[in-house]
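# Inside the fold
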Amino acid sequence: MGAQLAKQVERRKSVAAEKLALIDLFEGSGDQFPGCDYRPANRKTWMSALGPAKLRVHQIVWPGTHDSATDKIGLRFISRPFAQCQSCSVYRQLAGGARVLDIRVQKDHRVCHGILLTYGVDVVIRDVKRFLSETEHEIVVLEIRTEFGHEDPPDFDKYLVEQLGEHLIPQDSAVFEKTVAELLPRRVICVWKPRKSPAPKPGDTLWRGGFLKDHWIDTDLPKTKFENNLKRLGEQQPNASRKYFYRVENTVTPQPDNPVVCVRPVTGRIQGHARLFIAQAVGRGIADRLQVFSTDFINDDFVDACVGLTHARIEGKA
């Protein structure tokens, strides 16, 4: 018992030290970067405002949401705090500026996070379609994967094509060089990552999992995650020469050996440092590798930071 208590005390000290380290980094270097003062007039149509004819896919800093469809997961006040990573619907995330969605499914088409379940994936598809019907030039990257430890939904690739066919941008590495205008009227890049079922083939309507990569580490230590994100980002090729999306997740993960296991307070240790991360990427000369930037509990400032850097890129300032 005493050893376990001592371990918990040390864990809390480590968390506190890492939170302070990020504050010190901010106070020492700031969070300014090219485009940091830009604010889109309407986050729902920010791609349209930047100019579809001049905005190339590889130039975009795509605001993404982590575990996107968990706003109603589990039981409210009981199990939900342990798995909820977003507080609003997929539609509201898209209308608020998010452009990359992370959806986890299981065999019966229900969305899940670990062992906890929520609504069916048809709710997600409905929200995506609603958003597309209300906008003209916004491109969405929809990543759907079978959650770890679960079975693939049967014939799920056919379901996705049936539901989104007219909107789907077929798998093609040339897409990264194209402007948004050149992709229209198709507006959804759908990445399907099954666990055991056959993955999409080259040239299919759906995109293979290898077109969206990241380096996730399982930690609740914010400075550790922050620095690992920068290290891994620096190992990538610049966006202009890369033929896949690379995601950086501005999140940390609750750990079972720590007394704080609810998502919101844990991920909050790093959530507010998104602008600091972009500024550090610029300062270290690796901002040209930043592409998909995702977060828990997405907010307006996070979206504005991504759109601001995107604006600076197309203006030749970054």
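Located above this text is the structure these notes cover.
Rules used throughout
- Residues numbered from 1 in each chain as written.
- Predicted model: local features only at pLDDT ≥ 70, side-chain atom pairs only at ≥ 80, totals over all residues.
- Heavy atoms only, no water.
- Helix = DSSP H or I, 4+ residues; strand = E, 2+ residues; numbered from the N terminus.
- Rg over C-alpha atoms; globule rule 2.2 N^0.38 Å.
- Buried < 20%, exposed > 50% of the residue type's maximum accessible area, 1.4 Å probe, protein only.
- Contact = heavy atoms within 4.5 Å.
- Areas by Shrake-Rupley, 256 points an atom, 1.4 Å probe, with all protein chains shown as cover.
- Lys, Arg positive; Asp, Glu negative; His and termini not counted.
- Charge placed at Lys NZ, Arg CZ, Asp CG, Glu CD.
- Axes fitted to C-alpha atoms, helices over the stretch in contact; angles between N-to-C directions.
- Parallel < 35°, antiparallel > 145°, perpendicular 65-115°, else oblique.
- Nonpolar A, V, L, I, M, F, W, Y, C, P; charged D, E, K, R; others polar.
- Pairing = 2+ DSSP bridges.
- Phe/Tyr/Trp six-rings, centres within 6.5 Å; stacked < 30°, edge-to-face > 60°.
- Lys NZ or Arg CZ within 6 Å of the ring centre and 35° of its normal.
- 1 Å grid on protein atoms, 1.4 Å probe; cavity = no way out; pocket = protein on both sides within 12 Å on 5 of 7 lines; lining within 4 Å.
- Points joined across faces, edges and corners; volume = space filled by probe spheres on them.
- Core = buried A, V, L, I, M, F, W, Y, C linked by side-chain atoms within 4.5 Å.

The next subject is the overall build of the protein. The helix and strand tally for the protein stands at 10 helices and nine strands. In terms of overall size, the protein behaves like a compact globule, its C-alpha atoms giving a radius of gyration of 19 Å where 318 residues would be expected to give roughly 20 Å. Reported as C-alpha extents along the three principal axes, the dimensions of the protein are approximately 60 × 50 × 30 Å. Scored against the burial criterion, the 318 residues of the protein give a buried share of 55%. For the protein, the share of sequence-separated contacts (at least 6 apart) that also reach a separation of at least 24 residues comes to 75%. For the protein, the accessible area works out to roughly 13700 Å², and carbon and sulfur atoms hold 52% of it. One way to put it: in the protein the 46 positive side-chain charges average out to a point 1 Å from where the 40 negative ones average out.

Orientation of helix H9 (residues 274–283) relative to helix H10 (residues 300–314), taken along the N-to-C sense of each, is 20°, at an axis distance of 9 Å. It follows from the interaxial angle that H9 and H10 lie roughly parallel. Side by side, H9 and H10 meet where Ala274, Arg275 and Ile278 of the first sit next to Asp301, Phe302, Asp304, Ala305 and Leu309 of the second. Each residue belonging to the contact of H9 with H10 can be placed in one class, and the counts come to five nonpolar, no polar and three charged.

Turning to the pairing of strand E4 (residues 116–120), a few remarks are in order. Counting buried residues in E4 gives four out of five residues, a clear majority hidden from the surface. One ladder, built from three bridges, connects strand E3 (residues 110–113) with E4; its direction is antiparallel. The residue of E4 that forms the bridge with Arg110 is Gly120. Where E3 hands over to E4, the hairpin turn is made up of two residues, of which Gly114 adopts a positive phi near 65°.

Our focus in this paragraph is the packing of aromatic side chains. With the rule as written, the count across this model stands at nine aromatic pairs. Ring geometry for Trp62 and Phe245: centres 5.6 Å apart, planes at 85°, overall edge-to-face. You can see Trp62 sitting in strand E1 (residues 62–65) and its partner Phe245 sitting in strand E8 (residues 245–249), a full 183 residues away along the chain. As far as the burial class goes, Trp62 and Phe245 line up, both buried. Plain terms: the ring middles of Trp207 and Phe211 are 4.9 Å apart, the flat faces sit at 80° to each other, and that makes the pair edge-to-face. Just as Trp207 is buried, Phe211 falls in that class too. Grouping aromatic residues by their ring pairs yields a cluster made of Trp62, Phe176, Trp207, Phe211 and Phe245. Between Arg130 and the ring centre of Tyr91, over which it is positioned, the NZ or CZ distance is 3.7 Å. Cation over ring: Lys213 sits above Tyr244, and NZ or CZ is 4.2 Å from the ring centre.

Space left empty within the atom packing is revealed by a probe, the size of a water molecule, rolled over the atoms. Taken as a whole and judged by the stated rule, the model has one cavity of 30 Å³ or more. In this model, the largest cavity occupies a volume close to 50 Å³. If you trace the largest cavity, you find it lined by Asp214, His215, Trp216, Lys225, Asn229, Arg232, Tyr246, Arg247, Val248 and Glu249. Secondary-structure elements contributing two or more residues to the lining of the largest cavity are helix H7 (222–234) and E8.

Counting 55 residues, the largest nonpolar core has Trp62, Phe245, Leu290 and Phe293 as its most contacted members. Per element, the largest residue contribution to this core is seven residues, and it comes from H10. If sequence neighbours within four positions are ignored, Phe293 has contacts with Val61, Trp62, Pro63, Gly64, Val248, Asn250, Ala274, Phe277, Ile278, Phe302 and Cys306. In this structure, Val121, Ile125, Val140 and Cys190 belong to the second largest nonpolar core, which totals 29 residues.

Tracing the chain through its elements places Arg12 in helix H1 (residues 2–29). A relative accessible area of 37% means that Arg12 is categorised as partly exposed. Separated by 186 residues in sequence, Arg12 and Pro198 have C-alpha atoms that sit 44 Å apart. Those residues in contact with Arg12 that sit more than four places away from it in its chain are Asn258, Pro259, Val260 and Arg269.

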